[in-house]
There are 2 protein chains.
Amino acid sequence: MDRFMPGDLILAIDAGTSSTRATLFDAAGQPLGQASRPFTVAYQSAFAEADPASLWTAVADAVRDLQPDPSRIAAIGVTAAIGMLLTDASGEPLSPICTWQDRRATEQAAAIESRCGAAAVYSVAGRRIDPELTGPRLLWFRERQPDVFSKAHLVLTAKDWLVQRLCGQAVCDPAGASYSLLFDVARGAWSHDLIAELRLPRHLFPEVRDATALAGLLTPGAASALGLRHGAPVVVGGPDGTVGGIGGGMVEPGIAVNVMGTTDVILACVDRPSFDPLRRLVLNRFPVGEAWSVGGPMAATGGAVAWLAGVLGADLRALTAEAASIPAGSEGLVFAPVMAGSRTPRWNVSERGGIAGLAFEHGRGHLFRAALEGIAAEVAEVFDALAFAGMTVNEIRAVGGGAESRLWLEIRAAMLGKALIVPEVVEASALGAAMIAAVGVGIHPSLRGASAAMVRIRDRVEPDPEVVAGYARLRRRYAALREGLEGLNPPQSGEE
Amino acid sequence: MDRFMPGDLILAIDAGTSSTRATLFDAAGQPLGQASRPFTVAYQSAFAEADPASLWTAVADAVRDLQPDPSRIAAIGVTAAIGMLLTDASGEPLSPICTWQDRRATEQAAAIESRCGAAAVYSVAGRRIDPELTGPRLLWFRERQPDVFSKAHLVLTAKDWLVQRLCGQAVCDPAGASYSLLFDVARGAWSHDLIAELRLPRHLFPEVRDATALAGLLTPGAASALGLRHGAPVVVGGPDGTVGGIGGGMVEPGIAVNVMGTTDVILACVDRPSFDPLRRLVLNRFPVGEAWSVGGPMAATGGAVAWLAGVLGADLRALTAEAASIPAGSEGLVFAPVMAGSRTPRWNVSERGGIAGLAFEHGRGHLFRAALEGIAAEVAEVFDALAFAGMTVNEIRAVGGGAESRLWLEIRAAMLGKALIVPEVVEASALGAAMIAAVGVGIHPSLRGASAAMVRIRDRVEPDPEVVAGYARLRRRYAALREGLEGLNPPQSGEE
């Protein structure tokens, strides 16, 4: 048996909604290679299920595609999109992975709300009761698949299961556990009260360790599947939103991150477990130590922009260029692109998008700019909610695909009245996983140290003072549009 | 000198906003040929001026292009878009033609309102005080061009001036006179009270004769310019909106017409001078006899549809086909296409368009159908206002370019809950001018007789009963959207 020799590279595994990436980083955060593989997800009515075997094969194949020198791998870091599955005593899946899009547990979420109360649950779990969380889903399995449920040894996140597949250890990180609805986010431990209240077996819930802790060493079987040496350290890791924040530099209290993707995520790292009195914000345990993140996922933001480009029959680049030539304020056009309801901070699934101020002088560039401004106004509402809840934000990092567009960033900076700091690597979840793994094996002393070494800043987008005042007025019109649209939601099916 | 011999054809001259058409009809209303020529219109800030000489040349050239057999012309009928000019004692223009788009007299309209009061003027003139009307413009000329004003012998509409150019007689019809703001529409005579109140000289206002009356005979000079025989009867005619209504069959009380063009016009013929207590409707003297028309011009309707096609980068035909495949109600999308403010019945120039209910499942076909449904809801508001004011509408005729689309008509019929009757000739103003001329020379005994002989029905679009109820609900959502948008009008320039 080979003895593990310390290496200089970090392998990051980042499993998204339907494909997984493997990226090799050096200790300075420089990406040296990346490979990507799809896996199978089945959608059927409210179900959205990923196949664990297919996910594992995709991970193994993506790492094999990279062909890293096995002797140079110092650590393996893992992150994944939110998703849960049940495993048996040997770690074999008893269920598919219910992804974050899976809504099967709608009735069970309502049952928890009427049994426990939304406020009581929020005060422990730091979030609203939602079918996408582990708690309601466990009730679903108990009711609908009692055979599976009775055999279940553990409930794991997709990331936890991948880590177990790599090193044989089933452990969970505090940020991932926060998505269960059964985690006491202030204390950083499973909530035995909530678990008892829902009559769930305590044994289902895995040990919680910091994201930077060692989970175990790569097993011979996994090493062979991935084309690596066994014995490589596998670190606990965390969920992709939070880990992406870390990859953007959200490594200490006062730093916030805006992940600009198909949906936006906004998280701010804070040093106390601040619950939002209006329950508009999600409170997560931070992946490491005595810290928390506050914020939450937004509704389709980049998705709305892509939809608009499709309807207008033009590509994003051309439309962005047209929008750049339109003055701030889109000459009176206001566009609320909440086309699939809202999440943070309004949490209204029945909301739909709307436009006001439409005039003949408006062209598609105006529509596109107004959509970007509307999304920026939504983002500003989240930062307002953070301020209202007493969170201090000293610095905002922007990552994700949207951070590649200077115009999008300029509009946000002016709407927020604050600078946006843009790292070189805007696909930040892989880098975040690598940072966590680098800390786990001692390459860097802390996430703060890892950020200083690995997160290089590409750009700093300052708010244009001439635009800031106009956008403050636009935000009032935007808020009025959102209020007005509430009374105009389409009738629910059956009504019309 | 040739003696005039009765012919069998009617020549209709129809002068629009920037081009004029000449059409030859037989006594059965069959168009036998048409020619069109542009004329010069100059736009500068609030001014929109057509050149009378250019208009006259366009008319003469269009008739020459037709090459009609001079011996077969039984009558000449004229209609034109609303516009006014001042002439000297010999009939020569002292001013350009101020077209209906000309807004120079905004201050003078306000002065009339504060001097006479909107309600008092409405109770005589049957309309709101607006810069596009002759009264305010006469004040403008008196203030700004006193030399021109002092030399003025008559104030004529563009149509009156064309008739004078053809036969040497300056006369006016009761419908055209209604657009002056100085006409007592109930009595069918100039309002000496209003004229005195504004200290305007009574001599400026020409003799009023029914539209079907003989104005005079074609002069040798005009005959030579047009390539016709002199002595052909020239009939008084009327303004193009009302004359288009007649061309659609609005020839007796109870018949309404919807002219579907760049803007829509809705007029209903009534047998008493009914003033709308809310002043939302325009009351015109009917061109002939003891009758009136009630209704008014709407804002840009077809213009909004054309704008949307431009923004979506697709043609009207393709978009109409896509919209036809979308269910009634556009799957929750509501679109108020009032992109340049509204006229009848809301009269709010600062209104702008808006959209509510926008969702990811919507494509451009939804947007297009929602625009058609929004316009239909606007049209229904005008018919509501007619009903509120006590007008009886037994039958609705649809003419104009929009009446060529079956889908557009089906949407309107379902929104109104009434059948739409579509004549063969949807470019109805030329046919209306020919009908008036045919009555004038005795080819048909009355407009009713002319309609029976000359207006052939192509289609009758019944409301789909399955759609009618859904559209009644849609109208409530549409009205709520319009209310909501009022608070969201763009800031006026200077505010932002």
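The structure presented is a predicted model; accordingly, all values stated were derived computationally and were not measured.

What counts and how
Residues numbered from 1 in each chain as written. Chains lettered and ligands numbered in written order. Predicted model: local features only at pLDDT ≥ 70, side-chain atom pairs only at ≥ 80, totals over all residues. Heavy atoms only, no water. Helix = DSSP H or I, 4+ residues; strand = E, 2+ residues; numbered from the N terminus. Buried < 20%, exposed > 50% of the residue type's maximum accessible area, 1.4 Å probe, protein only. Contact = heavy atoms within 4.5 Å. Phe/Tyr/Trp six-rings, centres within 6.5 Å; stacked < 30°, edge-to-face > 60°. Lys NZ or Arg CZ within 6 Å of the ring centre and 35° of its normal. Salt bridge = Lys/Arg side-chain N within 4 Å of Asp/Glu carboxyl O. Core = buried A, V, L, I, M, F, W, Y, C linked by side-chain atoms within 4.5 Å. UniProt positions renumbered as here; feature names shortened; annotations may be inferred. Buried area = accessible area lost by both parts, 1.4 Å probe. Polar contact = N/O pair within 3.5 Å; in protein donor to acceptor, adjacent residues only side chain to side chain.

Caption draft 1: Region of the structure containing the environment of A:Val78. All names here are of chain A. If you trace the backbone, Val-78 turns up in strand E6 (residues 73–80). A relative accessible area of 1% means that Val-78 is categorised as buried. As for Val-78 and Val-243, which are separated by 165 residues in sequence, their C-alpha atoms are 9.5 Å apart. If near-sequence neighbours (up to four positions away) are discounted, Val-78 is found in contact with Ile-13, Lys-159, Leu-162, Val-163, Leu-166, Val-236, Gly-237, Gly-238 and Ala-433.

Caption draft 2: Representation of the packing of aromatic side chains within the structure. Across all of its chains, the model carries 10 aromatic pairs over all chains by this definition. Measuring from ring centre to ring centre gives 5.0 Å for A:Trp190 and A:Phe205, while their planes differ by 45°; the resulting arrangement is tilted. One end of the pair, A:Trp190, is in strand E12 (residues 189–190); the other, A:Phe205, is in the loop between helix H8 (192–197) and strand E13 (207–208), with 15 residues separating them in the sequence. Among the residues examined, A:Trp190 registers a relative accessible area of 12% and is labelled buried. Exposure remark for A:Phe205: the relative accessible area of 9% places this residue in the buried category. An aromatic cluster is built from A:Phe47, A:Trp140 and A:Phe141, whose rings are joined through pairwise contacts. A cation over an aromatic ring shows up here: B:Arg104 above the ring of B:Trp140, its NZ or CZ 4.6 Å from the ring centre.

Caption draft 3: How the structure looks around the pattern of salt bridges. All names here are of chain A. Scanning all chains against the criterion turns up 64 salt bridges over all chains. The salt bridge partner of Asp-271 is Arg-272, with a shortest N-O separation of 3.9 Å. Judged by its relative accessible area of 51%, Asp-271 is exposed. Residues Asp-384 and Arg-475 are paired through a salt bridge, measuring 2.7 Å at the closest nitrogen-oxygen approach. With Asp-384 in helix H13 (residues 364–388) and Arg-475 in helix H17 (residues 465–486), the pair connects residues that are 91 residues apart, well separated along the chain. Relative accessible area serves as the criterion here: at 40%, Asp-384 is assigned to the partly exposed category.

Caption draft 4: Molecular detail of the nonpolar core. By size, the foremost hydrophobic cluster in this structure holds 203 residues, and its most contacted members are A:Leu138 and B:Leu138. Once residues within four sequence positions are removed from consideration, A:Leu138 is found in contact with A:Met84, A:Leu86, A:Phe149, A:Val155, A:Leu182, A:Leu200, A:Leu204 and A:Phe205.

Caption draft 5: Layout of the UniProt feature "domain: Carbohydrate kinase FGGY C-terminal" (unreviewed entry) in chain A. Within this structure's numbering, the places UniProt gives as "domain: Carbohydrate kinase FGGY C-terminal" (unreviewed entry) are residues 257–440 of chain A. Annotated as 38% helix and 23% strand, the span residues 257–440 of chain A places its first and last C-alpha atoms 22 Å apart.

Caption draft 6: Focus on the interface of chain A and chain B. Counting from both sides, the interface comprises 36 residues of chain A and, opposite them, 36 residues of chain B. Overall, the association of chain A and chain B removes approximately 2900 Å² of surface from exposure, summing both partners, and the carbon and sulfur fraction of that is 66%. Remark: the boundary between chain A and chain B carries 0 salt bridges. Inspection of the chain A/chain B interface yields 9 residue pairs in polar contact (both at pLDDT 80 or more).

Caption draft 7: Expanded view of the environment of A:Ser178. All names here are of chain A. Locating Ser-178 in the fold gives a position in helix H7 (residues 174–178). For Ser-178, a relative accessible area of 1% puts it in the buried group. Spatially, the C-alpha atoms of Ser-178 and Arg-285 are 6.3 Å apart, while their sequence positions differ by 107 residues. Within the local environment of Ser-178, its side chain forms a polar contact with the backbone oxygen of Pro-174, the two atoms lying 2.8 Å apart. In this structure the side chain of Ser-178 is engaged in a polar contact, spanning 3.0 Å, whose partner is the backbone nitrogen of Arg-285.

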